[in-house]
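Structural characterization, general
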Amino acid sequence: MSFRRIAPAIFILALAIPCTAQTVALTENDYKRAENLLGYNVNPLVLHSPARPVWLSDDRFWYRVTTERGTEFMLVDPARKTRMPAFDQPKLAAALSSASGTNYEPFALSFAQFTFEDGDRAISFDIGNRRWKCDTPGTKCTSANRNEIADSVLSPDGKRAAFIRDFNLWVRDVVSGKETQLTKDGVKDFGYATDNAGWTRSSRPVLLWSPDSKKIATFQHDGRGAGEMYLVHTAVGHPTLEAWKYPLPGDDKIFQIERVVIDVDDARVIRLRMPPDPHRSSLCDHVECDGSFADVEWSADSQQLAFISSSRDHKRATLRVADAVKGTVRDVIDEKVTTYFEGGANRPNWRFLPRSNAIIWFSQRNNWGDLYLYDLQTGNLQNPITGGEGNVSLTLRVDETNRLVYFLAAGKEKGRDPYFAHLYRVGFDGKNLTLLTPEDASHDVSMSPSGRFFVDRYSKPDVPPALVLRDSGGNLLETLEKADVSRLLARGWKPVTPITVKARDGVTDLYGLLYKPSNFDPAKKYPIVNHIYPGPQTGSVGPRSFSAARGDSQALAELGFIVIEIDGMGTPSRSKEFQDAYFGNLGDNTLPDQVAGMRELAQRYSWIDLDRAGIWGHSGGGYAAADAMFRYPDFFKVGISEAGNHDNRNYEDDWGEKWQGLLVRRPDGTTNYDNQANQLVARNLKGKLLLAHGTTDSNVPPDNTLLVVNELIKANKDFDLLLLPNRNHGFANDPYMIRRRWDYFAKNLLGAEPPKEYEFHPRP
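Just so it is clear, the structure is predicted and the values come from calculations on it, not from any experiment. (Residues numbered from 1 in each chain as written. Predicted model: local features only at pLDDT ≥ 70, side-chain atom pairs only at ≥ 80, totals over all residues. Heavy atoms only, no water.)

On inspection of all chains with the given rule, the structure shows two disulfides. Paired through a disulfide, Cys134 and Cys141 show a sulfur-sulfur distance of 2.1 Å. Judged by the sign of its S-S torsion, about 115°, the bond between Cys134 and Cys141 is right-handed. In this pair, the class of Cys134 matches that of Cys141, namely buried. (Disulfide = S-S within 2.5 Å. Buried < 20%, exposed > 50% of the residue type's maximum accessible area, 1.4 Å probe, protein only.)

As structure tokens, then:
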């Protein structure tokens, strides 16, 4: 999330609880030192840390990297074993400056992506609203207005773009500009390709083009009768009311999708012969995940369409195959589970392989995420492809010719962090499992179009990345980059400390990170702050890759705190049993694990002052932070809860119904959702609590926080409230929120008076 100025905030200040610890002084220089550890200050100090590569169709690739000169674009040809500048940056910058009338420095070009054109003799890129084309020797640049269709999806051949107009789907010929209406019966709340999950929405269509660019797989989105959400925008004069469809757990009517295939040339709609599906996928809490129509795959000949139908409660997943011409549908695989089914994390692990008469299916039926080979016609299981401990996290490539699967998995290498991802290769028959990335690190892998090569960017949270090129057998061909953090170290930066503690059961290992101030003194006592995100779909730590700044955790520690992040039970990437730890009881929020881990750390390290324990989080973390203050009021003394979904009956239906279950109302008026509602335990508050929310948060609507506020008032509890007018969900990294967060912990946990209204100076 980028840093942005925000409108003035409305807040209420409560009286501070006297701090028994020795008062310390925090100056503007202390805050400046902490600010110097935020991302916009430390990330530019890391040299030779590359971005992900962009592959070309012929197995070459380019990548962007920060060097001593600035940002450079490198082009690599694995077959020819060459690595060179992608274009002449000094000359191109001069030509671009001359053509645009704006001065561009050679190694500070204001674009991050480009496309080769004219047989690599030119590149094109966007700056603002203009499209530029420059020859690679850098002799000439020309521009034109961007003639792209906003919120459209381009066909594979690049000739047509699909878009929504008046609830119907249209296509435009990219060259001629001719527009064709494909559907005609779309109406309000029953439109085609609608991107609306309640908690997120856009004008971009959700669809998947066929490989031959002649068909589109999409749906008619039925929101008729679904409940609405309302937000009011703050302004002088009459406020603006924002209203849209947003189903909640327990609603009689949720979104349904009626699946269709559209023949683009004939503008003909083939409605699949099946009942509507609930608006669900097995990959995320939307039918659009990671930018793609989720759980949908075309056959190579564009004649068949495979997809997963998920039940409303996520307990059943059915793999179906449709005839794209006739609209007939047959069921191939049907899996039922007791908690929830997942087919991958944002990207699918299953594969549709009609040429091999097979389906590669992903399942956690044996407590681990594994791949299974099924017969496409009979639906019979042929054999497991993977097994043992560890989870397949991403099916990266399937080589049907050689019957091989390349996949990323975590937890298969003994003695290593079980969250580290490695690349493996295995046969369709489950034999000859081969580790292709041997380094003890977490690996971010990108394979070439042909599968002959892959680029591996590997690192640890405390170890900077390296970028290497390997062939499909895992043989090292070249080390392309090794990150240089010498400038970081010269600034006094220290790497984060990985930690392992025991879970609530005293047996299970939990993994996390610990941040100390750069001037750490083991003879001192430091208050401890827990930065939490509980799950179940993710955890507190996030990626196990290197980052010079992980949010503001290191910066907050610099003010005189020990900051920790622990992935408790109920978070993903471990076993199914581990992630299911508090299924149906979201109020758990991993808090028993957080408390157990913090107590263990305090016993291990004398410099942790457990009598001064704080906690904060955003979104699901905001929910957990407030919950911690209510359920462990004698343990946590200070909490900051930002944008929390405090009662999931007031949050989107998909999320709550997957992790908490379908809403059950009992005869006595209670429900199975009562155990997760923060307002029902708010009366237990003893410490200092700051609640923060954006007033136009369309993801987690602000009434989630106001429910808690209302109960705190009823219980006559002191608390602090920060409402951010006209702000949406993602304000955690805004300078004002960071400053208020630091101030709150400084005053109430450290016992210090912070500098008044410290102002951050983020770089553009």
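All right, on to the sheet that holds strand E14 (residues 179-181) then. Read from one edge of the open sheet, four strands run E11-E12-E13-E14, paired in antiparallel fashion. Edge positions in the sheet fall to strand E11 (153-154) and E14, since each of these pairs with one other strand and no more. (Pairing = 2+ DSSP bridges. Helix = DSSP H or I, 4+ residues; strand = E, 2+ residues; numbered from the N terminus.)

Here strand E29 (residues 316-323) pairs with strand E30 (residues 329-336) via seven bridges, running antiparallel. Across the sheet, the residue bridging to Val321 is Arg330, located in E30. Between E29 and E30, which pair antiparallel in sequence order, lie five residues; one of them, Gly327, sits at a positive phi of approximately 85°.

The next subject is the layout of surface pockets. In this structure, the second largest pocket encloses a volume near 670 Å³. As for the second largest pocket, its lining consists of 27 residues, of which His531, Gly551, His618, Ala732 and Asn733 are closest to the centre. Here the residues of the lining of the second largest pocket sort into 11 nonpolar, 12 polar and four charged. (1 Å grid on protein atoms, 1.4 Å probe; cavity = no way out; pocket = protein on both sides within 12 Å on 5 of 7 lines; lining within 4 Å. Points joined across faces, edges and corners; volume = space filled by probe spheres on them. Nonpolar A, V, L, I, M, F, W, Y, C, P; charged D, E, K, R; others polar.)

What follows is about the pairing of strand E37 (residues 391-399). Here seven bridges tie E37 to strand E38 (residues 404-410), and the two strands are oriented antiparallel to one another. Across the sheet, residue Val392 finds its bridge partner in E38, namely Ala409. Between the end of E37 and the start of E38, which pair antiparallel, lie four residues, with Arg403 showing a positive phi angle near 55°.

Counting across every chain of the model gives three cavities of 30 Å³ or more. Considered as a void within the structure, the largest cavity measures approximately 60 Å³ in volume. The wall of the largest cavity is formed by Pro461, Trp493, Lys494, Pro495, Val496, Tyr515, Ser547, Ala548, Ala549, Arg550 and Gln554. Here the lining of the largest cavity is built from residues that sort into seven nonpolar, two polar and two charged. For the second largest cavity, the calculated volume is near 40 Å³. As for the second largest cavity, its lining consists of Ala197, Phe255, His279, Arg280, Asp285, Glu652, Asp653 and Asp654. Considered class by class, the residues forming the lining of the second largest cavity number two nonpolar, one polar and five charged.

We now examine the pattern of salt bridges. Counted under the stated rule, the structure contains 55 salt bridges. Of the charged contacts, one joins Arg504 and Asp588 as a salt bridge, the two residues approaching to 2.7 Å between their closest N and O atoms. Here Arg504 is found in the loop between strand E45 (497-502) and strand E46 (509-515), whereas its partner Asp588 is found in the loop between helix H6 (576-579) and helix H7 (591-604), with 84 residues between them in sequence. Residue class for Asp588 comes out buried when judged on its relative accessible area of 11%. Across the pair Asp634 and Lys686 runs a salt bridge, and its minimum N-O distance is 2.8 Å. Of this pair, Asp634 sits in the loop between helix H8 (620-631) and strand E50 (636-642) while Lys686 sits in the loop between helix H9 (653-659) and strand E51 (688-694), placing them 52 residues apart in sequence. Given a relative accessible area of 54%, Asp634 falls into the exposed group. Three or more residues joined by partner-sharing salt bridges are found here, namely Arg280, Arg312, Asp653, Asp654 and Glu657. (Salt bridge = Lys/Arg side-chain N within 4 Å of Asp/Glu carboxyl O.)

Interpretation in functional terms is not warranted from these geometric data alone.
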